[in-house]
Amino acid sequence: MGLLFFEELTMTTFELSAKTREAFGTGASRRLRHLENRVPAILYGAGEPPMPLSFDHNQLLRSLENEAFYSHILTIDLDGQKQKAVLKDLQRHPFKPRIVHLDLLRVTAKEKITISVPLHFEGEETAPGIKNGGGVMARLLNSVEVRCLPDALPEFINVDVSKLGLDEAIHLSQLPLPEGVELIALTHDDDRPVVNIQLQRAVEEESTAAPESAEVPAINVKEAAPEENQAEKDKK
């Protein structure tokens, strides 16, 4: 496929076996999902034509249970030819535990990608604001959007709150980023707080005013409309 490959820095790897889709449209997608237990998908980017694919639903569902899958470089195995990609769009059935459609973006070693990376918080039990000040920790963000080359992509970013006092916060600009990784928000001068420690009442009031963001907000994870609305997606 003319793509450049690279070694991932983390130990977690995800490889999905794909098949090329020959039939298109709502009816073909419905048969694919119901009769073959496969998920229609589209692979695009890296200057190559979009490629309609399908994946085994059960294998995909197991992979999606791992948080790292959403922010990781995936290996797509198509008849022995392996390509690197990231998950860009995911559609779920509105009430069944079913995946309806995937969008995957090809990546190359020399082209930067933009993707959401989860935040992992540590040190809560020793934070002075909690241990001595009677406060509670409020996680204001669960993930951040980063831009970097694929081989610099972190699986997650640690947020150490062990020295955080009462009424103190950690902002985006204070996050420890691997070399070559930049935060998209900071390029727009958006240095919002990631986490803070407040008294219980203040945290409850803040949560009521602004609910916490979802675990994987930057991946377009959404509930799918009824089957007939998939026709437009399958024409990609």
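Residues numbered from 1 in each chain as written. Predicted model: local features only at pLDDT ≥ 70, side-chain atom pairs only at ≥ 80, totals over all residues. Heavy atoms only, no water.

**Things to note about the packing of aromatic side chains**
Link 1 in the chain: As enumerated under the stated definition, the model contains two aromatic pairs in all.
Link 2 in the chain: Consider the rings of Phe14 and Phe69, whose centres lie 5.3 Å apart with planes at 90°: the pair is edge-to-face. Here the residue Phe14 occupies a position in strand 1 (residues 14-20), and Phe69 occupies one in the loop between helix 2 (57-64) and strand 4 (74-78), the gap between them amounting to 55 residues. Both residues of the pair, Phe14 and Phe69, belong to the buried class.
Link 3 in the chain: When the centroid spacing of 6.4 Å and the interplanar angle of 90° are considered together, the rings of Phe69 and Tyr70 count as edge-to-face.
Link 4 in the chain: Residue Phe69 is classed as buried on the basis of its relative accessible area, which comes to 1%.
Link 5 in the chain: You can call Tyr70 buried: its relative accessible area is 8%. (Phe/Tyr/Trp six-rings, centres within 6.5 Å; stacked < 30°, edge-to-face > 60°. Helix = DSSP H or I, 4+ residues; strand = E, 2+ residues; numbered from the N terminus. Buried < 20%, exposed > 50% of the residue type's maximum accessible area, 1.4 Å probe, protein only.)

**Quick notes on the environment of Val195**
Link 1 in the chain: Within the fold, Val195 resides in strand 13 (residues 193-198).
Link 2 in the chain: Overall, the relative accessible area of 0% leaves Val195 in the buried class.
Link 3 in the chain: Considering only alpha carbons, one finds Val195 and Met137, 58 residues apart in sequence, at a separation of 7.0 Å.

**Observations concerning the sheet that holds strand 8 (residues 136-139)**
Link 1 in the chain: Taken together, the three strands give an open sheet; going across it, the order is 8-13-11, and neighbouring strands pair in antiparallel fashion. Strands with a single pairing partner mark the edges of an open sheet, and in this sheet they are strand 8 and strand 11 (169-171). If you compare each strand with its neighbour and ignore which way they point, the axes differ by 10° on average.
Link 2 in the chain: In the sheet, strand 11 pairs with strand 13 via three bridges, with the strands oriented antiparallel. Within the sheet, the bridge partner assigned to Ile170 lies in strand 13 and is Val195. (Pairing = 2+ DSSP bridges. Axes fitted to C-alpha atoms, helices over the stretch in contact; angles between N-to-C directions.)

**Description of the pairing of strand 13**
Sheet faces and side chains relate simply in a regular strand, where the side chains alternate between the two faces.
Link 1 in the chain: Taken across its six residues, strand 13 has five buried, putting it largely inside the fold.
Link 2 in the chain: Sheet topology places strand 8 next to strand 13; four bridges connect them, and they run antiparallel. The residue bridging Val136 from the neighbouring strand is Gln198, located in strand 13.

**Concerning the sheet that holds strand 10 (residues 157-160)**
As a general point, the strands of a sheet are linked pairwise by backbone hydrogen bonds and lie either parallel or antiparallel.
Link 1 in the chain: Reading across from one edge, 10-7-9-12 is the order of the four strands in this open sheet, with mixed pairing throughout. The strands lining the two open edges of the sheet, one partner per strand, are strand 10 and strand 12 (182-183).
Link 2 in the chain: Examined bridge by bridge, strand 7 (residues 113-122) and strand 10 share four bridges and lie parallel to one another. Each residue of the ladder has a partner; that of Phe121, found in strand 10, is Val159.

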